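# Descriptive structure summary
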Amino acid sequence: DLDLDDYQLAPAHRQPWRKVIRLTQPRILRGLAHDSFVMLNDAGQTMRVVTRVNPGDCTKQLEWLSKTLEKKYETHAVPWPASDKLQDVGAFRISFSDRLINVRCDRSSTLLDYADIGAIRAWIEKQKKRYRKHESELRQIAKRRMILENRRSLSFADTFALGTAMRLEGGFGIRFKKPFAPRSSQKFPIDTPFIVGLPNLPEDFVDGEIRLMLTPERHPISIRGRFDNVTFDRVARALAAKYGTPFKDSQRHVIHKIARDHIILRQLSEATIELAFIDTEQQDNYKHRLWLQESEGL
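Notes on the structure in this doc start here. From a predicted model like this one, the values you see are computed outputs, not experimental measurements.

## What to know about the side chain of Gln-25
- Residue position: Gln-25 is located in the loop between strand S1 (17–20) and strand S2 (34–40).
- Taking the relative accessible area as the measure of exposure, Gln-25 reaches 6% and is therefore buried.
- Every residue in contact with Gln-25, bar those within four places of it in the chain, is listed here: Arg-30, His-34, Ser-36, Thr-51 and Val-53.

This is the structure:
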């Protein structure tokens, strides 16, 4: 039941097959052109020999090989299942002890395959163990790479997003629930977005445009930026590293819901993203103020 070719080699492990130029062929096949290979284990010991000979008198070859091998190894040849793909003329198999000989003759060649099943089985098991170890090492490398990438993403997120996975505290250095620029005498627009210049922005965001909307107490309602120098995927990975699995996640639109507040990331065009931090309570208060203005006098 052993598949003689059922093995995978770990990288950098040498191939077991070697081409043989000179080989002592059975008398009936001598003088015919051949392709021959030997399969060696790690100690250089022969496990298998395969030789394919250019066609001669196929029926005569099979008959002679069958009788000679039966006599030599004192056993009987049994039919080897024919291959429709190869259009076999005939095939047989001889097995004894832990050895196997397959002989096949088709319209293009005669094949002899000698195999030490025990040696091949031991070698295959060894290769499977090596390959499992290799796969385990790959998983460990991938895990370490993922951890490192997550740390890098988290470090990047900390440069522009404030808070934890349990609480959103603002973005781009602007904090929710605190007056914006409390020492400034400038009169900022109320309940109306305006462009704001911010110091100490991360390099990826310095060339963008950030719009801020404030309450009458100067508390941020929304902090919304548009940027061309940072990719959607990089920001999405950073937000996921800091805030966990998004509330909504698609290739062009990500929403993180942290407690009641929201971070919204959009791909506006091939080159431009929009990143918004929203204080939901203040946004609801803004909508209520807007409704009061619109319904005044009714």
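Additional details are given in the paragraphs that follow.
## What about the sheet that holds strand S8 (residues 161–163)?
- Across the sheet, which stays open at both edges, the 3 strands sit in the order S8-S9-S10 with antiparallel pairing between neighbours. Edge positions in the sheet fall to S8 and strand S10 (174–175), since each of these pairs with one other strand and no more.
- Pairing analysis gives 2 bridges linking strand S9 (residues 168–171) to S10, with the strands arranged antiparallel. Bridge pairing in S10 places Gly-171 opposite Ile-174.
- Sitting on the sheet, helix H3 (residues 232–243) is in contact with S8 and S9, with an inclination near 5° to S8.

## Thoughts on the pattern of salt bridges
- One pass over the structure, following the stated rule, counts 18 salt bridges.
- Note that Lys-177 is salt-bridged to Asp-279, the shortest N-O span being 3.2 Å. Of this pair, Lys-177 sits in the loop between S10 and strand S11 (194–195) while Asp-279 sits in the loop between strand S17 (273–278) and helix H4 (280–294), placing them 102 residues apart in sequence.
- Between Arg-289 and Asp-191 there is a salt bridge, and its shortest N-O distance comes to 2.6 Å.

## Points about the packing of aromatic side chains
- Throughout the structure, instances matching the rule amount to 11 aromatic pairs.
- A ring pair is formed by Phe-188 and Phe-194, whose centres lie 5.5 Å apart and whose planes are at 20°; its orientation type is stacked.
- For the ring pair Phe-205 and Phe-227, a centre distance of 4.7 Å and an interplane angle of 80° mean the geometry is edge-to-face. On the criterion of sequence distance, the pair formed by Phe-205 in the loop between S11 and strand S12 (209–214) and Phe-227 in strand S13 (residues 220–227) is long-range, its members being 22 residues apart. Like Phe-227, Phe-205 is buried.
- One aromatic cluster in this structure is built from Phe-156, Phe-160, Phe-172, Phe-205, Phe-227 and Phe-277.
- The ring of Tyr-73 carries Lys-72 above its face, with NZ or CZ at 5.8 Å from the centroid.
- In this structure, Lys-257 is placed above the aromatic ring of Phe-247, and the distance from its NZ or CZ to the ring centre is 5.8 Å.

## Describing H4
- The terminal C-alpha atoms of H4 lie 21 Å apart, and with 15 residues this matches the ideal 21 Å at 1.5 Å per residue to within 8%.
- Every buried residue belonging to H4 is among Thr-280, Gln-282, Tyr-286 and Arg-289, and all of these are buried.
- Tucked inside the fold, the buried residues of H4 contact S12, S13, strand S16 (261–267) and S17.

## Brief notes about the packing of helix H2 (residues 117–157) against H3
- The geometry of H2 relative to H3 is characterised by a closest axis approach of 7 Å and an angle of 95° between their N-to-C directions. Classified by the angle their axes make, H2 and H3 are roughly perpendicular. Between H2 and H3, the contacting residues are Glu-149, Asn-150, Ser-153, Leu-154, Phe-156 and Ala-157 on the first element and Arg-234, Val-235, Arg-237, Ala-238, Ala-241 and Lys-242 on the second.
- Along the lines of polarity and charge, the residues of the contact of H2 with H3 split into 6 nonpolar, 2 polar and 4 charged.

## A look at the pairing of S16
- S16 sits mainly inside the fold: 5 of its 7 residues count as buried.
- In terms of strand pairing, strand S15 (residues 253–258) meets S16 through 6 bridges, oriented antiparallel. Along S16, the bridge assignment pairs Lys-257 with His-262.
- Counted between consecutive antiparallel strands, the loop separating S15 from S16 contains 2 residues, among which Ala-259 sits at a positive phi close to 55°.
- Direction of pairing for S16 relative to S17: antiparallel, over a ladder of 6 bridges. What sits directly across from Ile-264, in S17, is Ala-276.
- Hairpin geometry of S16 and S17 is characterised by an intervening segment of 5 residues between the two adjacent antiparallel strands.

Parameters at a glance
- Residues numbered from 1 in each chain as written.
- Predicted model: local features only at pLDDT ≥ 70, side-chain atom pairs only at ≥ 80, totals over all residues.
- Heavy atoms only, no water.
- Helix = DSSP H or I, 4+ residues; strand = E, 2+ residues; numbered from the N terminus.
- Buried < 20%, exposed > 50% of the residue type's maximum accessible area, 1.4 Å probe, protein only.
- Contact = heavy atoms within 4.5 Å.
- Pairing = 2+ DSSP bridges.
- Axes fitted to C-alpha atoms, helices over the stretch in contact; angles between N-to-C directions.
- Salt bridge = Lys/Arg side-chain N within 4 Å of Asp/Glu carboxyl O.
- Phe/Tyr/Trp six-rings, centres within 6.5 Å; stacked < 30°, edge-to-face > 60°.
- Lys NZ or Arg CZ within 6 Å of the ring centre and 35° of its normal.
- Expected span 1.5 Å × (residues − 1).
- Parallel < 35°, antiparallel > 145°, perpendicular 65-115°, else oblique.
- Nonpolar A, V, L, I, M, F, W, Y, C, P; charged D, E, K, R; others polar.

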